[in-house]
Amino acid sequence: MKCAVVFLCLCLALSAAAPANDATIVSQSSDVQPDGYKLELETSDGTKRTEEGILKNPGTDNEALAVKGAFSYVGDDGVTYSVSYVADENGFQPEGAHIPRA
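Keep in mind that this is a model prediction, so the values were computed, not measured.

S.K.: Describe the sheet that holds strand S2 (residues 36–43), listing the residues and the values that go with them.
M.R.: Strand order in the open sheet formed by six strands is S1-S2-S3-S4-S5-S6, and the pairing between neighbours is antiparallel. The open sheet terminates on both sides in strands that have one partner only, identified here as strand S1 (25–33) and strand S6 (91–95). Averaged over all adjacent pairs, the angle separating strand axes in this sheet is 10°, with direction ignored. By the bridge criterion, seven bridges tie S2 to strand S3 (residues 48–56) in an arrangement that is antiparallel. Paired with Leu 39 across the bridge in S3 is Glu 51.

S.K.: Describe in detail the pairing of strand S5 (residues 80–88), supporting the description with residues and values.
M.R.: Across eight bridges, strand S4 (residues 64–74) lies against S5 in antiparallel orientation. Residue pairing in the sheet places Phe 71 in a bridge with Val 83 of S5. Remark: five residues form the turn of the hairpin made by S4 and S5, two consecutive strands paired antiparallel; Gly 78 in that turn has positive phi of roughly 85°. In the sheet, S5 pairs with S6 via five bridges, with the strands oriented antiparallel.

Cut-off values and rules
- Residues numbered from 1 in each chain as written.
- Predicted model: local features only at pLDDT ≥ 70, side-chain atom pairs only at ≥ 80, totals over all residues.
- Heavy atoms only, no water.
- Pairing = 2+ DSSP bridges.
- Helix = DSSP H or I, 4+ residues; strand = E, 2+ residues; numbered from the N terminus.
- Axes fitted to C-alpha atoms, helices over the stretch in contact; angles between N-to-C directions.

Listed below in structure tokens is the structure:
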């Protein structure tokens, strides 16, 4: 159940943060299970997203969701930007050629 709630929150957050445009969904798939989920999405404007979440330490006080994924989009400058990420007990860790490194 926690997984489904987190999945729904992530989807709503990304939808709210995305700029409004006339893009339509080209393909979409999702598989939500009690111990994790997988999703893929592609839209007509060139945006792509894949994500997988796994429930770690289920049923314990240390239960947590570990997520890994990637997305890409075409910027206003016509360049395709790609980001891969991990979100786990160490926080959100994005990587991309256009993201500065510490």
